[in-house]
Amino acid sequence: MLRRLLIFIGLILAVVLMFKYCEFKKEDDSTTMDSAGLIQQQILNVGKLIVTEGHFAEVVTYKNKEKYLMGIVSFDKKAVIVVNAEVTVAYDLHKMKYDIDEANKTISIVYIPKEEIKINPDIKIYDVEQSRLNPFTGDDYNKINKSVKANLAKKIEKSSLKSNAQNRLISELSKLLITTSNLGWTLKYEGKVIKSDVELDQQIKL
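Note that the structure is a prediction, hence the values are computed from the model and not measured.

**Here's the deal with the side chain of Thr180**
So, point 1. Mapped onto the elements, Thr180 comes out in helix α3 (residues 161–182).
So, point 2. Classification of Thr180 by relative accessible area gives buried; the value is 0%.
So, point 3. The contacts of Thr180, once residues within four sequence positions are left out, are Ile39, Ile107, Trp185 and Leu187.

**Examining the environment of Asn45**
So, point 1. Residue position: Asn45 is located in helix α1 (residues 2–46).
So, point 2. Given the relative accessible area of 41%, Asn45 is considered partly exposed.
So, point 3. For the pair formed by Asn45 and Glu172, sequence separation is 127 residues and the distance between their alpha carbons is 9.0 Å.

**Here's the deal with the nonpolar core**
So, point 1. Residues Ile112, Leu169, Leu173, Leu176 and Ile204 are the most contacted members of the largest nonpolar core, which totals 37 residues.
So, point 2. Within the residue set of this core, elements represented by two or more residues are α1, β1 (49–68), β2 (73–92), β4 (106–111), α2 (138–158), α3, β6 (186–189) and α4 (197–205).
So, point 3. The residues touching Ile204, leaving out its near neighbours within four places in the chain, are Ile112, Gln166, Leu169, Ile170, Leu173 and Tyr189.

**Quick notes on the environment of Ile50**
So, point 1. Mapped onto the secondary structure, Ile50 falls in strand β1.
So, point 2. Accessibility expressed as a relative area gives 2% for Ile50, which makes it buried.

**Let's talk about the pattern of salt bridges**
So, point 1. Enumeration according to the criterion identifies 9 salt bridges in this entry.
So, point 2. For the salt bridge of Glu172 with Lys175, the shortest nitrogen-to-oxygen distance reads 3.3 Å. Note that Glu172 and Lys175 are positioned in helix α3 at a spacing of 3 residues, about one turn of the helix.
So, point 3. Taking the relative accessible area as the measure of exposure, Lys175 reaches 37% and is therefore partly exposed.
So, point 4. A single salt-bridge network, built from bridges that share partners, covers Lys48, Glu172 and Lys175.

**A word on the packing of α3 against α4**
Packed helix pairs are characterised by how far apart their axes lie and by the angle those axes make with each other.
So, point 1. The contact between α3 and α4 brings their axes to 10 Å, and the two run at 130°. Taken together, the axes of α3 and α4 lie oblique to each other. In this structure, the crossing between α3 and α4 has a hand that is right-handed. Across the interface between the two elements, Gln166, Leu169, Ile170, Leu173, Ser174 and Leu177 of α3 pack against Asp197, Leu200, Asp201, Ile204 and Lys205 of α4.
So, point 2. In terms of residue class, the contact of α3 with α4 is built from 6 nonpolar, 2 polar and 3 charged.

**Side note on the side chain of Gln203**
So, point 1. Within the element layout of this structure, Gln203 appears in helix α4.
So, point 2. For Gln203, the residues in contact, after removing those within four places along its chain, are Tyr189, Glu190, Lys192 and Ile194.

**Some points on the sheet that holds strand β7 (residues 192–194)**
So, point 1. Within the open sheet, the 4 strands sit side by side as β3-β4-β6-β7. Their pairing is mixed. One side of each edge strand has no neighbouring strand; the edge strands of this open sheet are β3 (97–101) and β7. The average undirected angle you get between the axes of adjacent strands in this sheet is 30°.
So, point 2. Strand direction decides the pairing type here: β6 and β7, joined by 3 bridges, are antiparallel. Residue pairing in the sheet places Leu187 in a bridge with Ile194 of β7.
So, point 3. Sitting on the sheet, α4 touches β6 and β7, and the angle it makes with β7 is about 140°.

**Here we look at the environment of Met96**
So, point 1. Along the chain, Met96 turns up in the loop between β2 and β3.
So, point 2. On a C-alpha basis, the gap between Met96 and Val46 in space is 9.6 Å, while along the polypeptide they are 50 residues apart.
So, point 3. Setting aside its immediate chain neighbours within four residues, Met96 contacts Ile43, Ile109, Tyr111, Pro113 and Leu173.

Reading the values: the criteria
- Residues numbered from 1 in each chain as written.
- Predicted model: local features only at pLDDT ≥ 70, side-chain atom pairs only at ≥ 80, totals over all residues.
- Heavy atoms only, no water.
- Helix = DSSP H or I, 4+ residues; strand = E, 2+ residues; numbered from the N terminus.
- Buried < 20%, exposed > 50% of the residue type's maximum accessible area, 1.4 Å probe, protein only.
- Contact = heavy atoms within 4.5 Å.
- Core = buried A, V, L, I, M, F, W, Y, C linked by side-chain atoms within 4.5 Å.
- Salt bridge = Lys/Arg side-chain N within 4 Å of Asp/Glu carboxyl O.
- Axes fitted to C-alpha atoms, helices over the stretch in contact; angles between N-to-C directions.
- Parallel < 35°, antiparallel > 145°, perpendicular 65-115°, else oblique.
- Left-handed = near helix turned anticlockwise from the far one by under 90°.
- Nonpolar A, V, L, I, M, F, W, Y, C, P; charged D, E, K, R; others polar.
- Pairing = 2+ DSSP bridges.

Here it is as structure tokens:
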């Protein structure tokens, strides 16, 4: 009788332990799913168009000389060019690509789009000097437009506009880093584990 009672109690304990284990397993799976869902939501929040704007102005003089009779006679033309340009540097994070590994609790950023630079110059021409033998033509205006854009591109490279745009990019991606860290996940970029904003910044600049 005592033996049957002990067996019965043992069976009850085994059933209780089995239910407890299943309950724990269910909660663990639920937590993993919730974490993945939160990370995907943060990626959607980060996936936006980041635009940094700048204004550039310059005044240049355009000159051209046409020579005739073996260079003995020449006719000049020139003009003052006033340029005001609106420039934007944008990162379209809708194009960012990533992989989520739920089993290892790792999110890997595999692609961050390059910045897109748009230059919209407003060109005004003043003090035009020309002659009938060397008048302003469409070719001159094309040369002016090409030269203006080339000069603006150099100014953009030397300015802080691109670095400011990149700082905004890092700021957005840092939100994803914070989320993954808080949930116990690991963030990687190009195979390297990212643990801080500094590492994220350094890795993106490579």
